[in-house]
Amino acid sequence: MTDGPGACTTKQDLLLSRDEVFRLGAEEMSVVFSPKKLRRNGVIVMCGSILMVVAVTVYYEMNSATPWTSYADSKIDPEASNWWRAMSDKWVRSDQPASKYEKDSPAWSSNYMAQTWKPEYKGRVNVHAFDDWCGGSTAELRRNLHYPLYPHVRTTVQKLALSLQRTNYGLRIFGYLHPFADGEFVFAISSGDNSELWLSTDDSPLNLNLVAYVGKSGTEWTAPGEFDKYASQTSRPVRLSAQIRYFFEVIHKQNYNGIDHVEVAWQLRDKDVKFMVIQSEHISLYFDEFPLLIGDVDHVPQTAASHQNTKQSIAAVDMLRESTRDTLYNVSLINSNLLEGVLPDCTYKPSYTIKGYPLARYQGLQFVHMSYVYPNDYTRLTHMETESSCFYPKNIKTYLQIETPESLERNKIGRDVKSTSGEEGPDPDQIYTTPLQDFGEKLEDYAQKYRRKLLSVHMQEASREEFNAIKRDNTRPLTRLHKRDMHNRRPLGETDNAPLQHKDINFDTGATWRQTVQISPLDIQSQRTDAIDLRCNCTGNLLLPSSDVMPVVMAFMEKLNEKHNGQFALLKVVNVVKRVDKANGSRYLLELVVTNANGEQLRLSHYVYVPLKKPEAVPCNPVGLRWNPEATVHFIVPVKNQARWVHMLIADMERLYKETGDTNFNLIITDYNSSDMDVKKALEKSSLPRYDYVKLSGNFERSAGLQTGIDLIKDDHSIVFLCDLHIYFPTSMIDTIRKHCVEGYMTFAPIVMRLNCGATPWDANGYWEVNGFGLLGIYKSDLIAVGGMNTREYKDRWGGEDWELLDRILKSGLEVDRIYLRNFYHHFHSKRGMWTQ
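Residue numbers restart at each chain and count upward from 1, following the sequence in its written direction. In view of the model being predicted, local features appear only for residues whose pLDDT reaches at least 70, and side-chain atom pairs are presented and counted only at 80 or more, with totals across whole chains, interfaces and linings using the full set of residues. Side-chain descriptors were evaluated using all non-hydrogen atoms of the structure, hydrogens and water having been removed beforehand.

- In the annotation of an unreviewed UniProt entry, the entry for the chain reads Beta-1,4-N-acetylgalactosaminyltransferase, and the organism field reads Scophthalmus maximus.
- In its Function (unreviewed entry) section, the UniProt entry covering the chain states "Transfers N-acetylgalactosamine (GalNAc) from UDP-GalNAc to N-acetylglucosamine-beta-benzyl with a beta-1,4-linkage to form N,N'-diacetyllactosediamine, GalNAc-beta-1,4-GlcNAc structures in N-linked glycans and probably O-linked glycans."
- UniProt positions are given in the numbering used here, feature names are shortened, and annotations may be inferred rather than shown by experiment. Quoted straight from UniProt, the Catalytic activity (unreviewed entry) entry for the chain says "an N-acetyl-beta-D-glucosaminyl derivative + UDP-N-acetyl-alpha-D-galactosamine = an N-acetyl-beta-D-galactosaminyl-(1->4)-N-acetyl-beta-D-glucosaminyl derivative + UDP + H(+)".

1. Notes on the sheet that holds strand β18 (residues 542-543)
Moving on, step 1. The rule for pairing is simple: two strands pair if DSSP sees at least two bridges between them. Strands here are runs of E lasting at least two residues and helices are runs of H or I lasting at least four, both read from the DSSP assignment and numbered beginning at the N terminus. Taking strand neighbours across the sheet as the criterion, the five strands line up as β18-β14-β19-β20-β21 in an open arrangement whose pairing is mixed. Pairing within the sheet leaves two strands with one partner each, and these edge strands are β18 and β21 (601-611).
Moving on, step 2. Strand direction decides the pairing type here: strand β14 (residues 372-374) and β18, joined by two bridges, are parallel. Among the inter-strand pairings, V373 is bridged to a residue of β18, identified as L543.

2. Focus on the pattern of salt bridges
Moving on, step 1. The term salt bridge refers to a side-chain nitrogen of Lys or Arg lying within 4 Å of a carboxyl oxygen of Asp or Glu. Tallied over the entire structure, the rule returns 29 salt bridges.
Moving on, step 2. A salt bridge links R361 to E793; the nearest nitrogen and oxygen atoms lie 3.1 Å apart. Highlighted residues: R361 in the loop between β13 (345-346) and β14 and E793 in the loop between α18 (780-785) and α19 (801-811), separated in sequence by 432 residues.
Moving on, step 3. For the exposure calls, accessible area comes from a 1.4 Å probe over protein chains only, and a residue counts as buried if that area is under 20% of its type's maximum, exposed if over 50%, partly exposed in between. Among the residues examined, R361 registers a relative accessible area of 43% and is labelled partly exposed.
Moving on, step 4. Taken together, the shared-partner salt bridges in this structure form one network comprising R579, R587, E815 and D817.

3. Some details on the nonpolar core
Side chains that are nonpolar tend, in soluble globular proteins, to be buried together.
Moving on, step 1. Residues belong to a common nonpolar core when they are buried Ala, Val, Leu, Ile, Met, Phe, Trp, Tyr or Cys residues joined through side-chain atoms within 4.5 Å. Grouped together as the largest cluster of nonpolar side chains are 51 residues, with contacts concentrated most on F635, M653, L667, F721, F729, I737 and F824.
Moving on, step 2. Of the residues forming this core, the biggest block, seven residues, is contributed by helix α14 (residues 643-660).

4. Quick notes on helix α13 (residues 546-563)
Helical geometry: 3.6 residues make up each α-helical turn, so side chains three or four residues apart lie on a common side.
Moving on, step 1. The span expected for a helix works out to 1.5 Å for each residue beyond the first. Here α13 contains 18 residues, and its C-alpha end-to-end distance of 25 Å stays within 8% of the 26 Å for a straight helix at 1.5 Å per residue.
Moving on, step 2. The complete set of buried residues in α13 reads S547, D548, V549, V552, V553, A555, F556, M557, L560 and N561.
Moving on, step 3. In the stretch just after α13, N565 is the one whose phi turns positive, near 55 degrees.

5. Here we look at the side chain of D652
Moving on, step 1. Note on placement: D652 falls in helix α14.
Moving on, step 2. Contacts described as polar in this section are N or O atom pairs within 3.5 Å, which, within protein, must combine one atom able to donate a hydrogen with one able to accept it, while residues neighboring in sequence count only if both atoms come from side chains. A polar contact is formed between the side chain of D652 and the backbone nitrogen of F729, at a distance of 3.2 Å.
Moving on, step 3. We call two residues in contact when some of their heavy atoms are within 4.5 Å. The residues touching D652, leaving out its near neighbours within four places in the chain, are I727, Y728 and F729.

6. A few points about the sheet that holds strand β33 (residues 820-826)
Moving on, step 1. An order of β27-β33-β29-β30 is seen for the four strands of this open sheet, with the pairing classed as mixed. A strand with exactly one partner marks an edge of an open sheet, and here the two such strands are β27 (727-728) and β30 (766-768).
Moving on, step 2. With three bridges connecting them, strand β29 (residues 751-755) and β33 associate as parallel partners. Counterpart to M753 in the pairing with β33 is Y825.

7. Quick word on the packing of aromatic side chains
Moving on, step 1. Here a pair means two rings of Phe, Tyr or Trp (six-membered ring of Trp) with centres within 6.5 Å. Their orientation is stacked below 30 degrees between planes, edge-to-face above 60, and tilted elsewhere. Enumeration over the complete set of coordinates arrives at 21 aromatic pairs.
Moving on, step 2. Seen from their ring centres, Y348 and Y609 are 5.3 Å apart, and the 85 degrees between their planes marks the pair as edge-to-face. Taken as a pair, Y348 in the loop between β13 and β14 and Y609 in strand β21 lie far apart in primary sequence, 261 residues in all. By the burial criterion, Y348 is buried, and Y609 matches it.

8. Regarding the state of the cysteines
Moving on, step 1. Disulfide: a pair of cysteine sulfur atoms within 2.5 Å of each other. The tally for this structure, following the rule as stated, stands at one disulfide.
Moving on, step 2. A sulfur-sulfur separation of 2.0 Å characterises the disulfide bridge that pairs C346 with C620. Disulfide C346-C620: torsion about the S-S bond near 80 degrees, hence right-handed. Taken together, the residues span a long stretch of sequence, with C346 in strand β13 and C620 in the loop between β21 and β22 (621-622) at a distance of 274 residues.

9. Focus on unusual backbone geometry
Moving on, step 1. Here the residue pair Y147 and P148 is connected by a cis peptide bond, since its omega of 5 degrees sits within 30 degrees of zero.
Moving on, step 2. The omega angle of the peptide bond from Y374 to P375 is -10 degrees, so this bond is cis rather than trans.
Moving on, step 3. In this fold, P375 is placed in the loop between β14 and β15 (400-402).
Moving on, step 4. Even without a glycine there, the phi angle at N641 is positive, about 50 degrees.
Moving on, step 5. Considering the arrangement of structural elements, one finds N641 in the loop between β23 (633-639) and α14.
Moving on, step 6. Overall, N641 belongs to the partly exposed group, its relative accessible area being 22%.
Moving on, step 7. For N823, which is not glycine, the phi dihedral falls at a positive 60 degrees.
Moving on, step 8. Within the secondary structure, N823 is located in strand β33.

This is the structure in structure tokens:
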């Protein structure tokens, strides 16, 4: 062996005998631990020894406390490490923030014991019921002292649709789901009060995630089978495998009134079938609790769902949820030249325009139809619905049917036959409008005559006793349903061929704890009528099914890529607005985000038309129906002595400019000689890119003030937005007005939400101003053509001038696009001394 740098060393040279190792070690130890060294470095040696002991202990404890591994699979005695785990948990709880402890190292997870699943568990799931506990929120259920280990009742059910016919109870339903196919599933939950659906990524209860829920405050509720009332009710698409079972958990809390029920449903994504309640074929037990006593709890799964008071940082009002609709203006528009020649041209002449028809005063209201939207924009004010809601049918049988053991067996046989026959699922919802045929009819009579059919519900056989027991008092107005005290009802039996024995651990032998129900999905949209929309002020936009929208979108994308050699890919369908014309065809505003060959995201907001004569949903280009993304929008507001609100209006417009960077809008204030502020000076000090101010004299006249502002506009091909003072605008307002105003064809009358006293745009309590048309977007050239504002009849009063203008707009052949506009509010204000000298 050669010494020095670069010398080679063989493997044998590095090997030492055991005796040599011990000899060298002893020599080193004698040097380190010599009396002189120990006296000099005693403190250092002591600290090092302590650190070494701690490090070794922590190392072994980490190996013995690995999560996700049951004691049955571990080679370490569980009792040997419990002392350290208990001390560690106590230290973490006392010295660490509670939120971090719950998130990173929950105490209950260390008690998890994996259970052996058996094939005979198929067909049922576990149910734990907590009785005699008030409140309607899941948070209140978690406050129950016996939750989650010691329920009042342990039982099983054969499907995920229950109605126990009781009050003030809570449920914990858990077990496994067995998907019937590979693919992306969407889950939905509905319940009488609050509920949560949790789903694991596999068969472990430790991997649960909250996927859908009904409410969090205890005031939210749905009708049986109503899966689209709240945005939170449906999950994001979840990819599942038919070869894997997935642990799930449902938490449900029922208060003292209403129909008690909870249902869980699923659907394969984009298969155009309705949500289907999850049946016995696709569920199984987590554990067979038949031989156990109430004190046997080692098997009970403790999970994030059962322990954590979930922090749902979601807006209480569905409409306040973040939506791509609200920020679509930030995405660059696709070059309009790329859309030329993509679709064949076609004439656009809708049958619902009434040019030349002699309308009576204010009769134009009867000829304004709502447009439909996709996807759900959650403009339905579910948080404002009361027990006198006009949504729901009066007949209890429309909601649910109590199942008997015999009907359960018949239904199961029917499903088996249907699955083997290859029969397809139910047809998708058909959304349609009702054309007005007799112009002289009153609106209420018309709506009664041409009202849409209510959702048909095919009832199975059931005893009259079962239905009479839960039948609601029909002498009451249309309300959320009453419930009778059902505590003394007889329990329903089980089927003779049950795969397992089942015994309820139950103190109340008369309870129907295994009471399942049959439901039909409640489609509120199919029950909407013009009469309902005019009478109710919380309905929100009419909704389109995906089966209506996606064929049109995909046909358009196919034509676009044919034109441009496949360089565009559809990223997201952000918004679709459809105006139905049953005589000629339907107009669609498609708002898509696409990517080009370079991966750049582009916005496509384009009108297409689908004539009825076409055998398929093949869109064409409606000649002339093209919106101008660069049109200037002029907001005209007349004011008098409303200083606080004028300052707020200017600040609101500054917010629009700051957040959008859009300079193609203009604020015009016509001021009737206000004495409480210098309006012109306030405009000059603002950051607005454009504004106009004109000072008027005399008493306040809304029509004259608006017309004065109209006259200031030099460009007849710009958009006028007739506005009130007390308005809060969504950030997307300027872009939205442009898209819904088409010169020579279309005006825009968005429905504003009037805020209640004490409400703000951030809590949004109020109602939709369905009959108001004072907020109107129209091209100046079109406004000139219909005669402008009626300053002669509406000189010293206001109220009705918007309806009169609407009459003239419709008689001129223009159509009025009408939607409930997200986050568009009219502030509450007092009318004391308003507009007076």
